[in-house]
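# Overview (structure and organization)
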Amino acid sequence: MNRKTRILLLLQILLLSLLVSLSAQAQEASKAPVETVQFQSKMVGATLPYNVVLPVDYASPATRTTRYPVLYLLHGLAGHYSDWTNKSELTSYAAQYHLIIVTPEGNNAWYTDSPVVPTEKYESYILQELIPDVQARYRTLTGREGRAIAGLSMGGYGALKFGVKHPEMFSFAASMSGALKAASWTESEMAKVPWTLVPLTLKQAFGPDSNPAHAANDIFKLFRELPADRLSSLPYFYLDCGTEDELVTQSRELSGIFLERKIPHEFRQLPGKHEWPYWSQQVRDILRIATQKMK
């Protein structure tokens, strides 16, 4: 190889390295920024960190007085607050929306106030500690119209439960692959679920079968028995589930109740399993619809 050829080869390598670097910078710039808050919960008695995905223009001088709608995005069983930013393309999808996204820590508590574990008060934590803290730290819209909640699996159950129990708080509630029968699962039904963590965490969240916490948090019962004059106050509901997911029958059954009671909602059955490639794909629709339903 002569000197001229070596120089040309070196230039080509340098140019390629520069293009790779610029491409990486462009990809990073196209993602929404993320901040982590180390929140000290008095109700739970522990540090419950949460991530905040901010609009790309949040720090711009031109938007310093702008207030944004907020989507609370819940993780699943055995997951944590960082799952959505680490395991999905959420920050890339979020970059096109003027929306704040909060991903809370829910541990394995089913977003419920446990009747048997005094420190597991995760429903109260979300409503009485997390939401006020987010509103104090960030420029959020503070009314129901500017607030939505969604989640996957355990988080899908939690999101719909918040929607029916606290409709004054949310204008949109969505479930992806929801474990929607959490509070009403029988032992025989749980035996068919391939996750051994489920029975233990359900007992901690709702107590023994005879405990009133089951009925109080059974979203099928809550939707069936909701007085007719309260139906108009509900948020808009969205459900989806993969057709290869064991939990798809639960979403089908709940959608049937919605149809029977004329509760506005959208239900989608799509090819997919109970796994992150499915949730990473579907969260794009959650962002789109949530943005449409919030003001």
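For the structure, see preceding data.
For the structure given in this document, a descriptive report is provided here.

Thresholds applied
Residues numbered from 1 in each chain as written. Predicted model: local features only at pLDDT ≥ 70, side-chain atom pairs only at ≥ 80, totals over all residues. Heavy atoms only, no water. Helix = DSSP H or I, 4+ residues; strand = E, 2+ residues; numbered from the N terminus. Expected span 1.5 Å × (residues − 1). Buried < 20%, exposed > 50% of the residue type's maximum accessible area, 1.4 Å probe, protein only. Contact = heavy atoms within 4.5 Å. Pairing = 2+ DSSP bridges. Axes fitted to C-alpha atoms, helices over the stretch in contact; angles between N-to-C directions. Core = buried A, V, L, I, M, F, W, Y, C linked by side-chain atoms within 4.5 Å. Left-handed = near helix turned anticlockwise from the far one by under 90°. Phe/Tyr/Trp six-rings, centres within 6.5 Å; stacked < 30°, edge-to-face > 60°. Lys NZ or Arg CZ within 6 Å of the ring centre and 35° of its normal.

## A few points about helix α10 (residues 248-261)
Along its 14 residues, α10 runs 20 Å from first to last C-alpha, staying within 8% of the 20 Å computed at 1.5 Å per residue. Every buried residue belonging to α10 is among Val 248, Gln 250, Ser 251, Leu 254, Ser 255, Ile 257, Phe 258 and Arg 261, and all of these are buried. Its buried side turned inward, α10 meets α5 (154-165), α9 (219-225), β7 (236-242) and β8 (265-270). Once α10 finishes, Lys 262 follows within two positions and takes phi at roughly 60 degrees, a positive value.

## Focus on the sheet that holds β8
Taking strand neighbours across the sheet as the criterion, the eight strands line up as β1-β2-β4-β3-β5-β6-β7-β8 in an open arrangement whose pairing is mixed. The sheet is open, and its two borders are formed by β1 (34-41) and β8, each paired with just one other strand. Looking at each pair of strands side by side, their axes are set apart by 20 degrees on average, direction ignored. Note that strand β3 (residues 70-74) and strand β5 (residues 147-152) share five bridges and pair parallel. Across the sheet, residue Leu 71 finds its bridge partner in β5, namely Ala 148.

## Re the nonpolar core
Membership of the largest hydrophobic core comes to 59 residues, with the highest contact counts inside it found for Trp 110, Phe 223 and Leu 254. In terms of residue count, helix α4 (residues 122-137) provides more of this core than any other element does, seven residues in total. With residues up to four places along the chain from it excluded, the contact list for Trp 110 reads Leu 77, Met 154, Tyr 157, Lys 161, Ala 179, Ala 182, Trp 185, Thr 201, Leu 202, Ala 205 and Phe 206. With 28 residues, the next largest nonpolar core counts Ala 150, Met 176, Tyr 238 and Met 294 among its residues.

## Let's talk about the packing of α4 against α5
Between α4 and α5, whose axes approach to 12 Å, the crossing angle comes to 65 degrees. Considering the relative orientation of α4 and α5, their crossing is right-handed. Residues Glu 123, Ile 126 and Leu 127 of α4 pack against Lys 161, Phe 162 and Lys 165 of α5.

## A look at the packing of aromatic side chains
Going through the model one piece at a time under the given rule, you end up with 13 aromatic pairs. Judged by centre distance (6.0 Å) and plane angle (70 degrees), the rings of Trp 110 and Tyr 157 are edge-to-face. Separated by 47 residues along the polypeptide, Trp 110 in the loop between β4 (100-103) and α4 and Tyr 157 in helix α5 bring together distant segments of the chain. Each member of the pair, Trp 110 as well as Tyr 157, is classed as buried. Here the aromatic residues Phe 39, Tyr 122 and Tyr 125 are joined through ring pairs into a cluster of three or more. One residue, Lys 161, lies across the ring of Phe 162, its end atom 5.5 Å from the ring centre. A cation sits over an aromatic face here: Lys 181 above Phe 220, 5.5 Å from the ring centre.

## So, the pairing of strand β2 (residues 46-53)
Of all eight residues that make up β2, six are buried, and the element is covered over most of its length. Sheet topology note: the β1/β2 ladder contains eight bridges and is antiparallel. Note on β2: the bridge partner recorded for Glu 35 is Val 52. Linking β1 back to β2 in an antiparallel pair, the connection comprises four residues, with Gly 45 at a positive phi of about 70 degrees. Across three bridges, the pairing between β2 and β4 is antiparallel. By the bridge assignment, Val 53 is partnered in β4 with Ile 101.

## Looking at unusual backbone geometry
Phi angles above zero are rare outside glycine, and Asn 107 is one such case at about 50 degrees. Examined against the element boundaries, Asn 107 turns out to sit in the loop between β4 and α4. Classification of Asn 107 by relative accessible area gives partly exposed; the value is 27%.

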